[in-house]
Amino acid sequence: MKLFNTVYVVDDDLVFHFILKKLFTKADSDFKVSYYLNGYDAILAIKETKEFPDLILLDINMPISDGWQFLQDFRDWESLEKNNIKIYIISSSDDPSDFQKANFYKNEVQRYCNKPITMMEFREIFFNSDSTV
């Protein structure tokens, strides 16, 4: 069962974008996916469209505005519409302090996944949303 319609991928890794596009094709999915290279561009897109995506895949290490700044901006946003958004951190960082910091955002972040994302993780995120940080 499809859980999401609109997806934001906020990650400066173009290889990760390519991998996700292949996974979407392999899963025969029809998600509307938008790709952003940093948190600032993603926040700007939300402000311009005045619509929140259903799911955000968020890297933490990016230029201009990293994932932590995105999460803080997201947390500070006063809108009821954002309550149903699922955010998954997808990062190559296995630093314990990043896991602890993700727990600080436990109300916003569903789960912290390490790159590379597997097809099983992809299916868990997109078709079974029972995951937690």
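Residues numbered from 1 in each chain as written. Predicted model: local features only at pLDDT ≥ 70, side-chain atom pairs only at ≥ 80, totals over all residues. Heavy atoms only, no water.

S.K.: Outline the nonpolar core, supporting the account with residue identities and numerical values.
M.R.: Counting 23 residues, the largest nonpolar core has Tyr8, Ile56, Leu58, Phe70, Leu71, Ile87 and Ile89 as the members making the most contacts within it. Every element with two or more residues in this core is listed here: β1 (6-10), α2 (39-49), β3 (55-58), α3 (67-76), β4 (86-91) and β5 (109-114). Leave out the neighbours within four places in its chain, and isoleucine 89 touches Leu58, Ile60, Trp68, Leu71, Ala102, Val109, Arg111, Tyr112 and Cys113. Within the second largest apolar cluster, 18 residues are counted, among which are Val9, Phe31, Leu57 and Ile125. (Core = buried A, V, L, I, M, F, W, Y, C linked by side-chain atoms within 4.5 Å. Buried < 20%, exposed > 50% of the residue type's maximum accessible area, 1.4 Å probe, protein only. Helix = DSSP H or I, 4+ residues; strand = E, 2+ residues; numbered from the N terminus. Contact = heavy atoms within 4.5 Å.)

S.K.: I'd like a description of unusual backbone geometry, backed by residues and values.
M.R.: With an omega of 0°, the peptide bond between lysine 115 and proline 116 qualifies as cis. Among the secondary structure elements, proline 116 is positioned in the loop between β5 and α5 (119-127). Positive phi outside glycine occurs at isoleucine 64, with the angle close to 70°. Tracing the sequence through the fold places isoleucine 64 in the loop between β3 and α3.

S.K.: Describe in detail the sheet that holds β3, supporting the description with residues and values.
M.R.: A sheet is described by the order of its strands in space; here 5 strands give the open sequence β2-β1-β3-β4-β5, paired in parallel fashion. Pairing within the sheet leaves two strands with one partner each, and these edge strands are β2 (32-36) and β5. Taken over all neighbouring pairs, the strand axes of this sheet differ in orientation by 20° on average, direction set aside. Examined bridge by bridge, β1 and β2 share 5 bridges and lie parallel to one another. Across the sheet, the residue bridging to valine 10 is tyrosine 36, located in β2. (Pairing = 2+ DSSP bridges. Axes fitted to C-alpha atoms, helices over the stretch in contact; angles between N-to-C directions.)

S.K.: Summarise α2; cite the residues concerned and give the values.
M.R.: Buried within α2 are the following residues: Gly39, Ala42, Ile43, Ala45 and Ile46. Burial along α2 is one-sided: seen end-on, the buried residues are contained in an arc of 155°. Residues of α2 that are exposed and angled more than 90 degrees away from the buried face: Lys47 and Glu48. Each element contacted by the buried residues of α2 is listed here: β1, β2 and α3. N-capping of α2 is provided by asparagine 38, with a side-chain oxygen placed 3.0 Å from the backbone N of tyrosine 40. (Arc of directions from axis to C-beta. Polar contact = N/O pair within 3.5 Å; in protein donor to acceptor, adjacent residues only side chain to side chain.)

S.K.: Give a description of a nonpolar patch on the surface that names residues and reports values.
M.R.: A cluster of nonpolar side chains, namely Val15, Phe18 and Ile19, defines an oily patch on the protein surface of about 280 Å² accessible area. Tracing the chain through its elements places isoleucine 19 in helix α1 (residues 14-26). The exposure class assigned to isoleucine 19 is partly exposed, which follows from its relative accessible area of 33%. (Patch = residues over 30% accessible without salt bridge, like charges linked within 9 Å, V, L, I, M, F, W, Y side chains within 5 Å. Areas by Shrake-Rupley, 256 points an atom, 1.4 Å probe, with all protein chains shown as cover. Salt bridge = Lys/Arg side-chain N within 4 Å of Asp/Glu carboxyl O.)

S.K.: A description of the pattern of salt bridges should follow, citing residues and the corresponding values.
M.R.: Here the idea is simple: oppositely charged side chains can pair when their charged atoms come close. The final tally for this structure, using the stated rule, is 6 salt bridges. The partner of aspartate 11 in a salt bridge is lysine 115, and the shortest N-O contact between them spans 2.7 Å. With a gap of 104 residues between them, aspartate 11 in the loop between β1 and α1 and lysine 115 in the loop between β5 and α5 connect regions that are remote in the sequence. A relative accessible area of 1% means that aspartate 11 is categorised as buried. The shortest N-O distance in the salt bridge between lysine 115 and aspartate 13 comes to 3.8 Å. Of this pair, lysine 115 sits in the loop between β5 and α5 while aspartate 13 sits in the loop between β1 and α1, placing them 102 residues apart in sequence. Through salt bridges that share partners, Asp11, Asp13, Asp59 and Lys115 make up one connected network.

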